[in-house]
Every structure is written in structure tokens, then in C-alpha cells.
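Take a look at the letters that make up each chain.
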Amino acid sequence: MRANYKLARLFVDNPIIAGIEFESGPEQTHYLTNVLRLGEGDALLVFNGRDGEWLGRLKPRGRKRAFIHIESQTRPQPPAADLVYCFAPLKQGRLDYMVQKAVEMGAGLLQPVITQHCQVTNIGMVRIQANAIEAAEQCGVLAVPQCRSPVKLVALLEAWEQDRRLIFCDEDSKTNNPVPALQDIREDKLGLLVGPEGGFSESEREKLRKLPFVTAIPLGPRILRADTAAVAALTILQAIKGDWG
Ligand code: SAH
């Protein structure tokens, strides 16, 4: 079922069941009453990543506070997406964009990976999670992906589940077309790895290519920026092996 795009959709931390009422946080209250100009009894959608999506009604109290009264469920909680999205952290603006787009495109778990040419190593996990929530609110994704702590590429590969295929975006491929390699994949469990602005090192690339659970793919004849590569790779992956089918 596609999401309703006419109503505001808000992520909350509370458990949600029919008939309950809770206060919205100060920022959310400001957004609902001052930005969206919602008033007494106006409808909105609420989700918490666990209990599905619900229709709520706003009840402003005074100028600065508001409560949300929960009426009925509009969509049940779907299972979390299973796609593990592994990415080298980028500089802030592009990282925000990439995380938002990855969530829109159906990433199930966000895994920052530190590679040799990474220019960014202090990663704002809170900001990544906030971006994931924002994208989920906007696009009607009900299972908000968790963001895992950053790991080094070597550690990621050592701990990798052997029955999960890791699709590695290799900017140094000999071919341009990712479709044949993706069509050959038999596993249902998938992960995707996109490198940093500086690309993968030759030794990283060599190591990745040798691993039995890795499939290297090209993304056309041009070098893409990492955030573009993320969207391109997720698109082709979802179309051939994922939930677009
Ligand atoms: N600075 C590097 C490019 C890095 S692009 C260079 O000049 O070689 C950032 C990441 O996006 C890469 O590590 C890769 O994972 C992905 N990427 C970009 N273009 C790609 C392509 N044509 N094929 C496959 N992956 C690509």
C-alpha cells in the first residue's frame, strides 16, 4: 500500500495504540503549529518504527504545547528491509543527502565503513539517524533503518555473513554494465558497498574482488560522485534483485 502524501507524517518515540494521547516534543510542536499551521482536530500521521502508521488528531494547548490523540491504524508495520547499506562517510552535506536517499531507496541498515582513502572519520551518528528519520517521515518508510557504529573495512569483511552477497561498486571495472553480474546473484540477503570521495585503494579493491561473497559491479562509463553512485547502485539493485520486482 502506498503512503498517504497529503497528511504530515511524524516520527515519535512513544508506543502507539488506539485511543492514547501524548504530548509532541517542542520542535515537532513548532513544526506542526507554526510551520504547517495545523490547529485543533487537524489530522496527521504518526509512526514510531514499530507499531505501524496511525491517524492522529492535533490538540494544541496554549501557544507552545500540543498533544496528539491517536485514532486508528492506517498501515500495519512492515518487516524491516533486509538490505545492508555500507558506505564510506562523506563530508557533511553529501553525507546528509546520501543517507536520506539510501533510506528512500529502501536501505534496511546503515553501516558506515572506514576505508583507506576516507577523508572523514568523525561521524555524527545522531545526525545520520536524524536524516534517516527525516527521509522516512517524508517518504512514508515505516521501518526506519538503524545506523550501526562505524567499522573499518577489514573488520566489516571479517565479520560478514557468508550467505549475504556484498555488491561492491568498483569504479575500476573493465565493463560498464552492472546488469549481468546482478542477474547472476542467487542469494536473497544482500549488502551494498560504496566507496569514499577518494575511491577504494588498489589493495582494498584486490582484497574485495577475491572474496567469495563479493560481487563487483560497474556503474557505467563515467566516474560518479559517491552520493550519485549510491543512488545509481541502489536503483539498479532494487530493480533487478530488490523490492521493485
Ligand atoms: N576518486 C575516485 C572516484 C571515487 S567515486 C577516482 O577518481 O577513481 C566514489 C565511489 O563511488 C567509488 O569508490 C565507487 O564505490 C563508486 N563509483 C563511482 N563511480 C563508479 C563507477 N563508474 N562504477 C562503479 N562504482 C563507482
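Here is a short report on the structure shown in this document. Here the structure is a predicted model, which means the values were calculated and not measured.

**What about the packing of helix 2 (residues 92-104) against helix 3 (residues 125-139)?**
Between two packed helices, both the angle of their axes relative to each other and the distance between the axes serve to describe the pair. Running from N to C, helix 2 and helix 3 point in directions that differ by 45°, and their axes come no closer than 8 Å. Judged by the inter-axis angle, helix 2 sits oblique to helix 3. In the crossing of helix 2 with helix 3, the sense of the turn from one axis to the other is right-handed. The segment helix 2 lies against helix 3, with Gln92, Leu95, Asp96, Val99, Gln100, Val103 and Glu104 engaging Arg127, Ile128, Asn131, Ala132, Glu134, Ala135, Ala136 and Cys139. Considered class by class, the residues forming the contact of helix 2 with helix 3 number eight nonpolar, three polar and four charged.

**Observations regarding the site of the ligand**
Surrounding the ligand, one finds 19 residues, the nearest of these being Cys169, Glu197, Leu219, Arg222 and Leu224. Taking Glu171, its side chain carries an N or O atom lying 3.0 Å from an oxygen atom of the ligand. Protein chains shield 83% of the accessible area of the ligand, which is 560 Å² for the free molecule. Among the residues making up the shell around the ligand, the classes are represented as 11 nonpolar, four polar and four charged.

**A short note on the pairing of strand 5 (residues 65-75)**
As defined by bridge partners, strand 2 (residues 21-23) adjoins strand 5 across three bridges and the pair is classed as antiparallel. Bridging from a neighbouring strand, Glu23 pairs with Phe67 of strand 5. In the sheet, strand 4 (residues 53-61) pairs with strand 5 via eight bridges, with the strands oriented antiparallel. Looking at the pairing, Glu53 lines up with Arg75 of strand 5. Between the end of strand 4 and the start of strand 5, which pair antiparallel, lie three residues, with Gly62 showing a positive phi angle near 70°.

**Some thoughts on helix 1 (residues 26-35)**
At 3.6 residues per turn, the α-helix brings residues three or four places apart onto the same side. Taken as a whole, helix 1 has its buried residues at Thr29, Leu32 and Thr33. Mapping the buried residues of helix 1 onto a view down its axis gives an arc of 80°, with all of them on the same face. Of the residues one or two after helix 1, Arg37 is the one with positive phi, at around 55°.

**A short note on the packing of aromatic side chains**
With the rule as written, the count across this model stands at four aromatic pairs. Just above the ring of Phe67 sits the side chain of Arg61; from NZ or CZ to the centre is 4.4 Å.

Rules of the game
- Residues numbered from 1 in each chain as written.
- Predicted model: local features only at pLDDT ≥ 70, side-chain atom pairs only at ≥ 80, totals over all residues.
- Heavy atoms only, no water.
- Axes fitted to C-alpha atoms, helices over the stretch in contact; angles between N-to-C directions.
- Helix = DSSP H or I, 4+ residues; strand = E, 2+ residues; numbered from the N terminus.
- Parallel < 35°, antiparallel > 145°, perpendicular 65-115°, else oblique.
- Left-handed = near helix turned anticlockwise from the far one by under 90°.
- Contact = heavy atoms within 4.5 Å.
- Nonpolar A, V, L, I, M, F, W, Y, C, P; charged D, E, K, R; others polar.
- Near = heavy atom within 4 Å.
- Polar contact = N/O pair within 3.5 Å; in protein donor to acceptor, adjacent residues only side chain to side chain.
- Areas by Shrake-Rupley, 256 points an atom, 1.4 Å probe, with all protein chains shown as cover.
- Pairing = 2+ DSSP bridges.
- Buried < 20%, exposed > 50% of the residue type's maximum accessible area, 1.4 Å probe, protein only.
- Arc of directions from axis to C-beta.
- Phe/Tyr/Trp six-rings, centres within 6.5 Å; stacked < 30°, edge-to-face > 60°.
- Lys NZ or Arg CZ within 6 Å of the ring centre and 35° of its normal.

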